[in-house]
Amino acid sequence: MSAEASNPAATPTPCEDAQGDGRWMSQHVRFVSECKEREPDVVFVGDSLVQLMHQFGIWRQLFSPLHCLNFGIGGDATQHVLWRLSNGELDNISPKVVVLWVGTNNHGHTAEQIAGGIMAIVQLIHNKLPHAHTLVLGVLPRGRMPNPLRERNAQVNKLVQDALSSLSHASFFNVDPGFVLSDGSISHQDMYDYLHLTAHGYQAVCEPLHAQIKSLLEKPAEN
Amino acid sequence: MSGDDLNPAAVPQPVEDLHGDGRWLAQHARFVQECKDGEPEVLFVGDSMVQLMEQYEIWREMFSPLHALNFGLAGDTTCNVLWRLQNGELQNIRPKAVVLWVGTNNHGHTAEQVAGGIVAIAQLLTNRLPKAKIVVLGLLPRGERPNPLREKNAAVNRLLCSWLPRLGQASFLDVSKEFVHADGTISSQDMFDYLHLTSAGYRTLAKPLLDLLLQILEETPEDRRASLV
């Protein structure tokens, strides 16, 4: 896997305020203060797939009772999440589980670079929270029909799964219930824009995820 | 008002498939198909502000019963919406009301250009659907604190307010002030990323919008209306 210095996906990088309304930084600052105010057992970090989960009823139903915080920001790639976690979003908290879901927005990066970025985040989390278990969710397929991004995401998952297999403080979890149908298509009933999940799509992802998190929470603390 | 051929925000343009998964065209194709299958009384068209509305419960509660179709597409500018409407998304349907909500993504354009683009879309809708009422929604403020984009969106709204009455069948609904607190901030309880609405945020908008739509639908004599209210 690429060394961090030469892997843009593994180089902590804040998001530029291209539009001029400072929204990315506002969200980051809000997450940093939540770390000072709350004592979560579980922290979710990632992109819009994490962020939108918080907007649906399923979050209150399954995850609020587990004392979860949601640090998802739409559009984030691995290097953005790496920056956020290096700049306050893991401070003052000691969650037992960190759920990491990122990688689909790393446009222009190879599967190897993206996997390298994900592993850099896993390492950072372990450095900051040595007792936490990181659950890395597989990147979902996207697009209505087969396309290069599906292949890229599948390759990322394969590389990450391999890299995680030797670690005890982190594991890979596949949350794809089979979104790709037999004709190769993804239904808009699951992903309304062939990328983001509907409430129905989230149901299929969150139920097994919830069970997995619960079993991690019930284990004795890692050393 | 900017002439259409001088206004880049009024030039129809599809979205380029930069990422390689063809999602924009796939969504457009699905909307064109829905025009063949459905007989909507209300059509919603615009960007992610429109698209996301359909994902929340309020859509099922308030707008599905009106036989509404949602042709919102995240990221769209006025150019993209114009292109979609000219390329199949108005075929075979005769809605009585069209809700248009677009403009916040027109980053390369001035407020005048954006307002001109929105009016161009309203004009197109009026030409293609002479009996329909067009409801244009004001661009909401964005960003946690005051910033240039808030000023720009407010300027677009002021222009729309004065330009739209010339179209006759267009009305303008702006709930912007409901979202900005006394200290100038927008709450993440209303906009989870200081742009996109939460479920609570949508409710603030949905009530006056639904009232307006019911009024429009009631004005048009129709047997099916009896089942609604």
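All residue numbers here refer to positions counted from 1 along the written sequence of the relevant chain. Starting at A for chains and at 1 for ligands, labels are handed out in the order in which the entities are written. Since the coordinates come from a predicted model, pLDDT governs what is reported: local features require at least 70, and pairs of side-chain atoms require 80 or more to be given and counted, while whole-chain, interface and lining totals use all residues. To get the side-chain values, all heavy atoms of the structure are used, and hydrogens and water are removed first.

1. A look at the overall build of chain B
- Helix and strand counts for chain B stand at seven helices and five strands.
- In summary, chain B has a C-alpha radius of gyration of 17 Å against a globular reference of 17 Å for 229 residues, a match within 12%.
- Whether a residue is buried, partly exposed or exposed follows from its accessible area with a 1.4 Å probe, protein chains only, as a fraction of its type maximum: under 20%, in between, or over 50%, in that order. Per-residue burial for chain B yields a buried fraction of 59% across its 229 residues.
- Contacts between residues were defined by any pair of non-hydrogen atoms, one from each residue, lying within 4.5 Å. The contacts in chain B between residues at least 6 apart in sequence include a share of 79% that link residues at least 24 apart.
- Positive charge is attributed to Lys and Arg, negative charge to Asp and Glu, and no charge count is given to His or to the chain ends. By convention, the point assigned to a charge is CZ for Arg, NZ for Lys, CD for Glu and CG for Asp. Side-chain charges in chain B split into 21 positive and 28 negative, and the spacing between the mean points of these groups amounts to 3 Å. Secondary structure elements follow DSSP: runs of H or I of four or more residues count as helices, runs of E of two or more count as strands, with numbering from the N terminus. The quantity called the radius of gyration is restricted to C-alpha atoms. Its globule counterpart is 2.2 Å times the number of residues to the power 0.38.

2. What to know about the UniProt feature "domain: SGNH hydrolase-type esterase" (unreviewed entry) in chain A
- UniProt positions are given in the numbering used here, feature names are shortened, and annotations may be inferred rather than shown by experiment. Within the UniProt annotation, "domain: SGNH hydrolase-type esterase" (unreviewed entry) is assigned to residues 44–204 of chain A.
- The annotated region residues 44–204 of chain A carries 39% helix and 14% strand content, and the separation between its end C-alpha atoms amounts to 18 Å.

3. Quick word on the confidence of the model for chain B
- A residue's pLDDT is the confidence the predictor assigns to it, expressed on a 0 to 100 scale. In the predicted model, chain B carries a mean pLDDT of 94, and the fraction of residues at 70 or more is 93%.
- What the predictor reports for the complex is a pTM of 0.95 with an ipTM of 0.95.

4. A short note on the interface of chain B and chain A
- On the side of chain A, 24 residues touch chain B, which itself brings 24 residues to the contact.
- Together chain B and chain A conceal approximately 2200 Å² of surface at their shared face, both sides included; 54% is due to carbon and sulfur atoms.
- Simply put, the buried area is the total loss of 1.4 Å probe accessible area from both parts when two parts are fitted together. Taken as a group, Arg23, Gln55 and Phe192 of chain B account for 26% of the area that chain B buries against chain A, more than any other trio of residues on that side.
- What makes a salt bridge here is a side-chain nitrogen of Lys or Arg within 4 Å of a carboxyl oxygen of Asp or Glu, nothing more. Counting across the interface, chain B meets chain A through four salt bridges.
- Taking the shortest distance from any N to any O, the salt bridge between Asp193 of chain B and Arg23 of chain A comes out at 3.5 Å.
- Polar contacts, as counted here, are pairs of nitrogen or oxygen atoms within 3.5 Å of one another; within protein the pair requires one atom able to donate a hydrogen and one able to accept it, and residues that are adjacent in sequence qualify only if both atoms are side-chain atoms. If you look at where chain B meets chain A, you find eleven residue pairs in polar contact (both at pLDDT 80 or more).

5. Considerations on helix 7 (residues 199–219) of chain B
Residues and elements named next belong to chain B.
- Multiplying 1.5 Å by the residue count of a helix minus one yields the expected span of that helix. For helix 7, with 21 residues, the first-to-last C-alpha span of 29 Å sits near the 30 Å given by 1.5 Å per residue.
- Of all the bends in helix 7, the greatest reaches close to 35° and is centred on Ala206; the proline Pro208 follows between one and four positions later.
- Contact partners of the buried residues in helix 7: strand 1 (42–46), helix 2 (48–53), helix 3 (57–63), strand 3 (97–101), strand 4 (133–137) and strand 5 (170–173). A residue's bend is given by the angle between axes fitted to the 7 residues ending at it and the 7 residues starting at it.

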